[in-house]
Amino acid sequence: GKTNVKVPTSFNEMFLFNAAVMGLGENGWMAVILEQFHNIVTNVANSYRLQEECDVLTLVLDKQPGQIQLSEFKAVMLASLRSLVPKEWDSDHEVAWNWLWENVERLIKSNMGKPGQQEKALSRFIASLTSEDIFLLRKQIYQRFFQIAPAGQDHFKQSTTRLYFIADKIIEMTMEMYQQPRAMVEDISALGLRHVGYAIPTELFAPFVSCAVETVRDKTTDAVAESAFRWSLTLISKILVRTILEGSTIVMKAINTNSARALRKAIAIAPRSKRATELLNITVGTQSISPFYWAIDSGSLECAKAMIEDLLTIRADRDKYYYGVDELFTRHPEVIQRVCNSAPKLLWTLLDGLVWRSRQAFNGKRRVNFYVRNLVQDIADGNFSMALEWLVERNDPKIICHSAVVLFADLLWTRMAQYDFLLGRCYFLFCLCVFITGQAVLGSAEPSMAERAAIFVCRIFIYLGSMCRILYCQIRLLYDDIKNGAIVRTYKIPLPQYLFNLQDSGSLVLMWVLVLMLIQEPILHCLAYSEQFGLFATSCMDPGAKEAYAVFSGLAMLLYWLLLVNLSIFSMQISAFVLVCGRVLVEVCLFLMAFLFLIVAFATAITALHHSLYEFTSVDTGMVTLLEITLGMYPTENYKIMMEESVWVEIAVIIFTILVAVVLLNLLVAQLNMAYKLAHADMEGYARLTRASIIVTTVEQVSRKRWRKFLASMNFEQRLEFNEGDIGLAGGIQVYEASNANPTTVDTVRRFGGSTAPNMPWPQDPLAEDQGTDRLEKLEKLVVKAMKTITDKKGGSMPTGLSSASGLPASSSASASSQGGSE
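Residues numbered from 1 in each chain as written. Predicted model: local features only at pLDDT ≥ 70, side-chain atom pairs only at ≥ 80, totals over all residues. Heavy atoms only, no water.

Asks: Just to check I follow, could you spell out the environment of glutamate 52 for this structure?
Replies: Considering the arrangement of structural elements, one finds glutamate 52 in helix H3 (residues 47-61). Each C-alpha atom of the pair glutamate 52 and leucine 423 lies 66 Å from the other, and the pair is 371 residues apart in sequence. With residues near it in sequence (within four places) discarded, glutamate 52 still touches Leu235, Lys238, Ile239 and Arg242. (Helix = DSSP H or I, 4+ residues; strand = E, 2+ residues; numbered from the N terminus. Contact = heavy atoms within 4.5 Å.)

Here you go:
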């Protein structure tokens, strides 16, 4: 049969094919040159970059075994080019490509064989340096550098230890450049991109290299070591300078000034199709940096805010809408997390940019588009986005109430989470009903055989269906926390993070209470005496054990009811009320602590007095008596006996009563009032945070099939209307709200006429914030120029008082006049 042979279509494929045909396929060094050949060809007109590429290639080739014949690469290269473009190939192409390779070969051969010797010499030199030599080397580098380039002192403002650390890293890099050239090029390129944000002048690199080389020359007599250090450091500085120059866009320069106005002017010249890319990505070689993240990390939050506003502004021409939300979340899927951690003030700006409101209202309703697709799903793989989880971790009750967050969180709750959550809670509620039946409903003084059997079945179900299920959940949560390293030390005690969730820690306490109940279970203890007391009897237990079992049973009953409180999440009002109660209980606990302190203090003090009152003969009875007095349970006639017995006891009791009834109780009322006032303002936010945490936990366990079905029902691919007949952008949800809820008088879609070419920048925006400032400046210059013209015509000088007509002092007005005249 016929064999299908794949014909090479790219240069790399054709090169490898021809190398194999010519018997040169086993030469590994050819593949090394081929990896870098693209950079060599594309930078043939840039002699500095060509020299850099050849120097790096020389270092890599030096690591290759065997003999290297560069002419063989030339033969394979030319054969491949002739095969790829046989019709277009002519003598001019032959001459051009021969010239290219001759230059490359000359540059490579000029250093061929040297890197190995230089690496050994430099390694010996570095190893021979003592700690004192290294200290002097660091010190002298900076001393010479600051003498030659005093401007460098304005940029090297760190501490001496930091400067010495940089010097050590430089020496290490010169050695690593020989050992791992390709990896070092990547690292140096990344370092250069970071220096773009530092605004380091590239003119300072050359004198720094010269000073470092001179300092090394003074420390060694080995010319090879000195040459190795100079060559390596020069190559490093070339890569740094090139990376900085290529990465120093006008956007990065504007970020360094932290001026929103400068940023808007810088981005205004960008093509409309690449405007978002200019704000989100700068690529040099294989390395890239995000100007937006750099603005956040460097503290240029004014610029970062302007960048978010620019990205999330909807612009339109006649052909297309431009909206940078997808570009933002594609480049930075974790942007919500970064903003939450580093610049939380920008969260409102970011979320506001996801909402579009029409300025037109019909029948009391306004059209609103929420572009929340990237908050619901991960744009890369379609999985559930972690945006809601990051917002929950932020624990901000105000940001969780933003309209965009409320919309997509409620959608996830109503369509995905509430059914699974309710199913789990229904099982827990059923367990509670069984527990109530077995512990409180059944079990009269003399139960019948049927009742005893029912009690036994209920308790066995609790131990197997509830206790074992809680045990399994606890083990799974503990395993997950240990696996993920989620261990928190509290008072030096390592605790898994899940225990800081009240629901999970309450379940753990309930599990142990049920275990204690199982240990004390009367029916199990009486099975051995079934012939005497009957099957499933409980009367064989001694009263003390039965009392302990009853206490555990009551405690478990309370825990069951408390753990059922999270069902209130179905109603925001009830959930908010429960959360407010929880916050107010903190003040009650403080009151009880103060109350206990007073009881103990006064009980011990009264017991120490000389009297014969039975109620205060010991500390414990005194505490009980004071508690009865506080609660109004102490008999009135006993006060007369107390007064007759000891006036000092009476005085102590009166002081205690005043402190508790007047001071503490009124203080508690004031504390509760203030706590409620503070909690009430954010109670809906905290309720939504609680629901959001449940949504995150529940949705993460949803099957892939069901999740895809949910996404399909959302119709995120369908484009939404802005106004009737105006089909806009996809990726959102359209709702209608009351027209007076959020009055909007300006169309937030910026529409432009003129050319619709994607490579054209947007025309000047008449609604931009900076336009008003620019117009005022122009008007001021015109006024100053007119006043100067009037003064010149009169042949006299303008009075000092009139110089303030422009709103400037006389000196400022004069300088402004000169500027206006120069225009």
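After presenting the structure, the write-up continues.
Asks: What am I meant to see in the packing of helix H24 (residues 502-519) against helix H27 (residues 543-563) here?
Replies: To characterise two packed helices, one gives the angle between the axes of the helices and the distance between these axes. Where H24 contacts H27, the axes come no closer than 9 Å and their chain directions differ by 155 degrees. The pairing of H24 with H27 is recorded here as roughly antiparallel in orientation. Between H24 and H27 lies a crossing whose hand is left-handed. Contacts between H24 and H27 involve Gln503, Gly506, Ser507, Val509, Leu510, Val513, Leu514, Leu516 and Met517 on the former and, on the latter, Tyr549, Phe552, Ser553, Leu555, Ala556, Leu559, Tyr560 and Leu563. Grouping the amino acids of the contact of H24 with H27 by side-chain chemistry returns 13 nonpolar, 4 polar and no charged. (Axes fitted to C-alpha atoms, helices over the stretch in contact; angles between N-to-C directions. Parallel < 35°, antiparallel > 145°, perpendicular 65-115°, else oblique. Left-handed = near helix turned anticlockwise from the far one by under 90°. Nonpolar A, V, L, I, M, F, W, Y, C, P; charged D, E, K, R; others polar.)

Asks: Explain helix H31 (residues 647-681) to me, please; I cannot follow it from the model alone.
Replies: An α-helix turns once per 3.6 residues; consequently, residues spaced three or four apart project the same way. Its 35 residues give H31 an end-to-end C-alpha distance of 50 Å, which sits within 8% of 51 Å, the value for a rise of 1.5 Å per residue. A maximum bend of about 25 degrees is found in H31 at leucine 664. Taken together, the buried positions of H31 are Val649, Glu650, Ala652, Val653, Phe656, Val660, Leu664, Leu668, Ala675 and Ala679. (Expected span 1.5 Å × (residues − 1). Bend = angle between axes of the 7 residues up to and from the residue. Buried < 20%, exposed > 50% of the residue type's maximum accessible area, 1.4 Å probe, protein only.)

Asks: How do you make sense of helix H22 (residues 403-441) when you look at a structure like this?
Replies: If you check H22, its first and last C-alpha atoms are just 48 Å apart, much less than what 39 residues at 1.5 Å a residue would give, namely 57 Å. Roughly 55 degrees is the biggest bend found in H22, and it falls at alanine 417.

Asks: What should I look at first to understand the state of the cysteines in this one?
Replies: Put plainly, two cysteines are in a disulfide when a covalent bond ties their sulfur atoms together. Enumeration over the complete set of coordinates arrives at 0 disulfides. Just so you know, cysteine 589 is unpaired, no disulfide at all, and the nearest cysteine sulfur is the one on cysteine 581, 13 Å from it. (Disulfide = S-S within 2.5 Å.)

Asks: Any chance you could explain the sheet that holds strand S5 (residues 355-362) here in plain terms?
Replies: Within a sheet, neighbouring strands are paired by backbone hydrogen bonds and run either parallel or antiparallel to one another. Ordered by their spatial adjacency, 3 strands build an open sheet running S5-S6-S11, and the pairing between neighbours is antiparallel. Each having just a single partner strand, S5 and strand S11 (733-738) make up the two edges of the open sheet. Taken over all neighbouring pairs, the strand axes of this sheet differ in orientation by 25 degrees on average, direction set aside. Pairing analysis gives 5 bridges linking S5 to strand S6 (residues 365-370), with the strands arranged antiparallel. Following the sheet pairing, phenylalanine 362 is matched in S6 by lysine 365. (Pairing = 2+ DSSP bridges.)

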